[in-house]
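# Remarks on the overall topology
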Amino acid sequence: MHPSFKKLLILFCPSVVFLLLMIMLVYNKHSAQHEPTPLEIKMAQIRLGTSVEDADAIIGTPPDLTKESRGVIVNSTILLDETNPKSAGHGPPQDYTLRTWKGEEVSVTVVFDLDGKSVCHWSWWNDQPPQSPYGPYRVFERVGLF
């Protein structure tokens with residue numbers, strides 16, 4: 001090999017390896033890596049158009065919180081409150097009933113229209129979501145590199 005090519009290779013390869021490692025660490029830190037909780041599995045079984053009674057039967061318990069809200073459904077997981085300026089671009093606001101179940105790790109909300117049919121649902125973590133202790137980011141964090 002030509003000596004200048006060797007020098008370039010020696011400089012270039014560690015930089016590429018370092019860059020790929022950093023990309024992998026950032027991806028691993030921000031990617032969802034949890035098993036769905038039993039409450040999330042039950043919520044996923046509630047299809048759009050499911051009645052209030054059927055949703056209660058699927059979850060198995062009455063909701064922990066029920067409240068009335070006025071807003072706009074954007075898609076199957078987003079309800080914008082009527083006070084949100086972005087809601088005007090998605091149609092006129094309507095009245096909905098939000099039924100929320102609180103689990104140990106995750107809470108879920110199912111939105112019903114005035115006919116008592118589900119039109120939207122979502123879930124969220126009550127606390128920080130768990131992270132794998134063996135992911136590259138966690139390993140380097142323990143070693144002290146981050």
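Refer to the structure above for everything that follows.
Reference entry: report on the structure contained in this document. Numbering of residues starts from 1 in each chain and follows the order in which that chain's sequence is written. Note on the predicted model: pLDDT of at least 70 is required for a residue's local features to be given, and 80 or more for side-chain atom pairs to be given and counted; whole-chain, interface and lining totals, by contrast, use all residues. Excluding hydrogens and water, the side-chain figures rest on all heavy atoms present in the structure.

## Here we look at the sheet that holds strand β3 (residues 94–102)
Our working definition: Whether two strands pair comes down to DSSP finding at least two bridges between them. Every helix listed is a DSSP run of H or I at least four residues long, and every strand listed is a run of E at least two residues long, numbered separately from the N terminus. Axes, fitted as lines to C-alpha atoms, cover a helix only where it is in contact. Angles between the N-to-C directions of the axes lie from 0 to 180 degrees.
The strand order across the open sheet built from five strands is β2-β1-β3-β4-β5, with neighbouring strands paired in antiparallel fashion. Strands at the two margins of the open sheet, each flanked by one partner only, are β2 (78–81) and β5 (118–125). The mean inter-strand angle of the sheet, taken between neighbouring strand axes irrespective of direction, is 45 degrees. One ladder, built from four bridges, connects strand β1 (residues 65–75) with β2; its direction is antiparallel. Directly across from Ile-73, in β2, lies its bridge partner Leu-79.

## Focus on the pairing of β5
By the bridge criterion, seven bridges tie strand β4 (residues 106–112) to β5 in an arrangement that is antiparallel. Bridging from a neighbouring strand, Ser-107 pairs with Trp-124 of β5. Between β4 and β5, which pair antiparallel one after the other, the connecting turn spans five residues, and Gly-116 there sits at a positive phi close to 80 degrees.

Note that every value here comes from positions in space, so none of it alone points to a role or purpose.
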